[in-house]
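Residue-level listing of the chains:
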Amino acid sequence: MNKVEIIKVLKNIAVFLEIKGENSFKIRAYKSGARALERIDEDFDEIVKHNTVDKIDGIGKALAEKITTLYREGDLPFYNLLKASISPGLIECLSIPGLGGKKVKQLHESLGIDSIDSLKKACLSGAIAELNGFGSKSTEKILSGIVNLDAYSKRHLWWSMQGFVDEIIYGLNKLSSVDKASVAGSYRRRLETIGDLDFIVGSEDPKPIMEWFVNLEGVKEITAHGSTKSSVRFKNGIQVDLRIVPADRFVFALHHFTGSKEHNVLLRQRALSMGYSLSEWGIFTKDESTDFLAEGAEAVETEADLFKFFKLSMIEPELREGFGEISLAQKGVLPKLIEPCQIKGVFHNHTTLSDGTDTLEAMVGKAELLGWEYIGFADHSKASFQANGLDESSVLSMIDKINIFNDSGVSNLTVFSGIECDILKNGTLDLDTSILEQLDYVVASVHSSFSQSEEEMTERIIRAIEDPNVTMLGHPTGRLLLKREPYKVDMNKIIDAAIANKVVIEINANPHRLDMDWRLWKQAIEDGLMCSINPDAHSINDLEYFRAGVNIARKGWIEKESVLNAKTTEDIMSWFKERV
Ligand code: DGT
Ligand code: CA
Ligand code: CA
Ligand code: ZN
């Protein structure tokens, strides 16, 4: 287990002990142990290797042993037993925002609550509002937390589906009766979260394919089993639809089931206006039999052909959301979407200086492998103490370190010095201007006081945007997809302020964030906003997240001209200079 995972276990132990009502000294030991690990500057791997975990300030001998076991074994019997001793329903209640160990214990003891279900009932009956320390406001908050939890459980992150999708496609392509196979639906449109997975197969012999599908390893339940359509649910909760059509109809089914519904409706209208009807089965002459394709439709082999049939240029799946793609395709003026190979470096990355798990040198090494020209580091600032944020003097020594690194010639990459500076409650920045001025760039982000009113939050962020030292706005709504709702903020005002102050807004490419949302980008780009695709990497592997960011940029109609990190090193340098 790495440091970040160990910190999580220590925090869980503290919460579980709270539920059990253990003495507060014991609980505090785990909490402060977690904090101590967050704060260390030294290389954690070295510390464990040298058996000096107990020398860390705030960690005693017993805790040091547990940490070492977690590091070496990836497991801790004490933790497993503790977790097993608590009813899973109570652990589930912990995922409701605002409910920690103490509150869950209180709810359990005073009202017998032992599941989300009983929690919901107690909210609705008014029993919770009566409890000491709760009220009608917290009842409302718990209820909306339950609604969100339910919605979250029905969808999956696009990013986490990749391996699963690739495996199914690989399996299908190995079957001899499969002529063509593709994923469709929201996954193919690269939506940030997906409900179910849809696969389309072209084949003249569907039976063995269906048998293979419903008997796949991990299938828990077969919800539909037909000769051309089946649906299954896997053990991990993922629902998958498979449709098999004759090979000469594959392209029509692929287009239809890629969607979206909105796009399909609009394309169908266009077909009708041209005297055709369009369905998953093909293109037909309006009001005539659907036994035969319309004249010319049998030559449609690819989706590009299909669009061409309707006098449209090719519309990439990412754009098929009914956002005006059809009318632009009609004029042949769709954007040339940004591609992963056009990214020349990334800016929002963390190292072991704050809460990252890899060193600057290791991150540069990975950036070299990715073929980039530059990489920028933006560790946290001091207000993010839980992330071991940097104070003024640490920032200065980091700048020195980066200068020395750049001069050393160790790497061909240029390293840019930045910071992810906290936007404090009142909109001022967490570090002194005299320090911020010395950095190449500043990413300003909100990490605290999420419950401000929309007006306060909007003013707060605009104030930061107006600070001449701010180069980029980080994760503008603070959302965590399928985990936490965005805070309230007027994004249109934020976008206007960013354009007026030549501030870039990031697409935070962490698969849980993907913030700013793609739905806002098309208009924002037209109005002159620049974007930066930022992986917010906390490890070398996280640098790969930039691909998820590129997906979102493409869904936002973004071309490389509007992406800061598609510029060359030289252009970046002059851009940083010119904007102030
Ligand atoms: P999801 O699964 O909720 O993430 O979203 P999708 O887009 O994958 O939706 P899904 O799986 O229900 O259906 C796949 C595609 O099939 C959808 O994007 C468009 C097409 N489709 C499904 N139902 C309808 C419909 O009622 N009308 C039209 N025009 N198309 C539909
Ligand atoms: Ca779907
Ligand atoms: Ca579906
Ligand atoms: Zn952040």
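Residues numbered from 1 in each chain as written. Chains lettered and ligands numbered in written order. Predicted model: local features only at pLDDT ≥ 70, side-chain atom pairs only at ≥ 80, totals over all residues. Heavy atoms only, no water.

Q: Can you walk me through the overall build of the chain in this structure?
A: Of regular secondary structure, the chain possesses 25 helices and 16 strands. Burial status across the chain gives 51% buried among its 580 residues. Sequence separation of 24 or more characterises 67% of the internal contacts of the chain that already satisfy a separation of 6 or more. When the accessible surface of the chain is summed, it comes to about 26700 Å², and 50% of that surface belongs to carbon and sulfur atoms. The distance from the centre of the 68 positive side-chain charges to the centre of the 87 negative ones in the chain is 4 Å. (Helix = DSSP H or I, 4+ residues; strand = E, 2+ residues; numbered from the N terminus. Buried < 20%, exposed > 50% of the residue type's maximum accessible area, 1.4 Å probe, protein only. Contact = heavy atoms within 4.5 Å. Areas by Shrake-Rupley, 256 points an atom, 1.4 Å probe, with all protein chains shown as cover. Lys, Arg positive; Asp, Glu negative; His and termini not counted. Charge placed at Lys NZ, Arg CZ, Asp CG, Glu CD.)

Q: What's the story with the coordination of the calcium ion (ligand 3) in this structure? I'm lost.
A: Ideal coordination angles are 109.5 degrees for a metal with four donors arranged tetrahedrally and 90 or 180 degrees for a metal with six donors arranged octahedrally. All of the protein donors around the calcium ion (ligand 3) are Asp 196 (OD), Asp 196 (OD), Asp 198 (OD) and Asp 241 (OD); their distances to the metal are 2.2 to 2.8 Å. Counting along the primary sequence, the residues that act as donors to the calcium ion (ligand 3) give the motif D-x1-D-x42-D. Owing to a relative accessible area of 24%, Asp 196 belongs among the partly exposed residues under this scheme. (Donors = N, O, S within 2.8 Å, 3.2 Å for Na, K, Ca; no water.)

Q: Hey, could you run me through the pairing of strand E12 (residues 414-422) in this one?
A: Most of E12 sits out of view: nine of its nine residues are buried. By the alternation rule, side chains of E12 split into Thr 414, Phe 416, Gly 418, Glu 420 and Asp 422 and Val 415, Ser 417, Ile 419 and Cys 421, which are all buried. Across seven bridges, the pairing between strand E11 (residues 374-380) and E12 is parallel. If you follow Ile 375 over to E12, its bridge partner there is Val 415. This β-α-β element, E11 to helix H19 (residues 392-408) to E12, shows right-handed connectivity. (Pairing = 2+ DSSP bridges. Right-handed = clockwise from strand over helix to strand, strands pointing away.)

Q: Looking at this model, I keep getting lost on a negative patch on the surface. Mind explaining?
A: A cluster of acidic residues, Asp 179, Glu 204, Asp 205 and Asp 248, forms a negative patch at the surface. Note on placement: Asp 248 falls in the loop between strand E7 (239-245) and helix H14 (250-258). (Patch = residues over 30% accessible without salt bridge, like charges linked within 9 Å, V, L, I, M, F, W, Y side chains within 5 Å. Salt bridge = Lys/Arg side-chain N within 4 Å of Asp/Glu carboxyl O.)

Q: Would you take a moment to explain the nonpolar core for this structure?
A: A general tendency of soluble globular proteins is for nonpolar side chains to be buried together. The biggest cluster of nonpolar side chains holds 71 residues, and the ones touching the most others in it are Ile 375 and Trp 521. Once residues within four sequence positions are removed from consideration, Ile 375 is found in contact with Val 346, Asn 349, Met 363, Val 364, Ala 367, Leu 413, Thr 414, Val 415, Phe 416 and Leu 543. Residues Ile 40, Leu 70, Leu 90 and Ile 142 belong to the second largest nonpolar core, which totals 46 residues. (Core = buried A, V, L, I, M, F, W, Y, C linked by side-chain atoms within 4.5 Å.)

Q: Looking at this model, I keep getting lost on the pairing of strand E9 (residues 282-285). Mind explaining?
A: Looking down a regular strand, the side chains alternate between one sheet face and the other. Relative to E9, strand E8 (residues 276-279) runs antiparallel, the two sharing four bridges. Paired with Tyr 276 across the bridge in E9 is Thr 285. From the end of E8 to the start of E9, which pair antiparallel, there are two residues.

Q: Would you explain the domain arrangement of the chain in this entry?
A: By a widespread convention, an interface's size corresponds to the accessible area lost as its parts come together. For the chain, the domain assignment lists domain 1 (3-152), domain 2 (156-243), domain 3 (246-334) and domain 4 (340-578). Summarising the inter-unit geometry, the C-alpha centres of domain 3 and domain 4 are found 40 Å apart. With nine residues of domain 3 at the interface, the matching set in domain 4 holds six residues. Interface of domain 3 and domain 4: buried area, both sides summed, is about 770 Å²; carbon and sulfur atoms make up 61% of it. The largest per-residue losses of area from domain 3 upon contact with domain 4 belong to Glu 318, Leu 319 and Phe 323, which jointly make up 70% of the total buried on that side. Counting across the interface, domain 3 meets domain 4 through two salt bridges. Between Arg 554 and Glu 318 there is a salt bridge whose closest N-O contact spans 2.7 Å. Classifying every residue of the side of domain 3 that touches domain 4 by side-chain character gives four nonpolar, one polar and four charged. (Domains from an automatic or database assignment. Buried area = accessible area lost by both parts, 1.4 Å probe. Nonpolar A, V, L, I, M, F, W, Y, C, P; charged D, E, K, R; others polar.)

Q: Sorry, what's going on with the side chain of His 156 here?
A: With respect to the secondary-structure elements, His 156 resides in strand E1 (residues 156-157). For His 156, a relative accessible area of 13% corresponds to the buried category. Each residue touching His 156, except ones within four places of it in the same chain, is listed here: Met 161, Glu 192, Thr 193, Ile 194, Gly 195, Asn 236, Gly 237, Ile 238 and Leu 482.

Q: I would appreciate a short explanation of the site of ligand 1 in the present structure.
A: In the vicinity of ligand 1 lie 15 residues, with Arg 155, Ser 186, Arg 189, Gly 195 and Asp 196 positioned nearest. Between Asp 198 and ligand 1, the recorded distance is 3.1 Å, taken from a side-chain N or O atom to an oxygen atom. If ligand 1 stood free it would expose 600 Å²; the protein chains cover 68% of that surface. Breaking the shell around ligand 1 down by element, the ones donating at least two residues are helix H12 (185-188), H14 and helix H15 (261-273). The biggest single contributor to the shell around ligand 1 is H14, with three residues. Counted by class, the shell around ligand 1 contains two nonpolar, eight polar and five charged residues. (Near = heavy atom within 4 Å. Polar contact = N/O pair within 3.5 Å; in protein donor to acceptor, adjacent residues only side chain to side chain.)

Q: Could you clarify how one ought to interpret the sheet that holds E11 in this entry?
A: Backbone hydrogen bonds are what pair the strands of a sheet, in a parallel or an antiparallel way. The parallel open sheet is built from seven strands, whose spatial order is E10-E11-E12-E13-E14-E15-E16. This sheet does not close on itself; its edge strands, each paired only once, are strand E10 (345-346) and strand E16 (531-534). One ladder, built from two bridges, connects strand E13 (residues 441-445) with strand E14 (residues 472-473); its direction is parallel. Bridged to Ala 444 within E14 is Leu 473. Helix H24 (residues 546-555) rests against E10, strand E15 (504-508) and E16 of the sheet, and its axis sits at about 145° to E16. (Axes fitted to C-alpha atoms, helices over the stretch in contact; angles between N-to-C directions.)

Q: Is there a simple way to think about the sheet that holds strand E4 (residues 197-202) in this case?
A: The five strands are arranged E2-E4-E7-E6-E5 in an open sheet whose pairing can be described as mixed. For this open sheet the edge positions go to strand E2 (180-183) and strand E5 (219-225), each flanked by a neighbour on one side alone. Between one strand axis and the next, the sheet turns by 20° as a mean value, whatever way the strands run. As paired elements, E5 and strand E6 (residues 229-234) share five bridges and run antiparallel to each other. Bridge assignment links Glu 221 to a residue of E6, and that residue is Arg 233. Each of E2, E4, E6 and E7 is contacted by helix H11 (residues 162-174), which is oriented at about 15° to E4, the strand it contacts most. Along the sheet, H14 makes contact with E2, E4 and E7, crossing E4 at roughly 170°.

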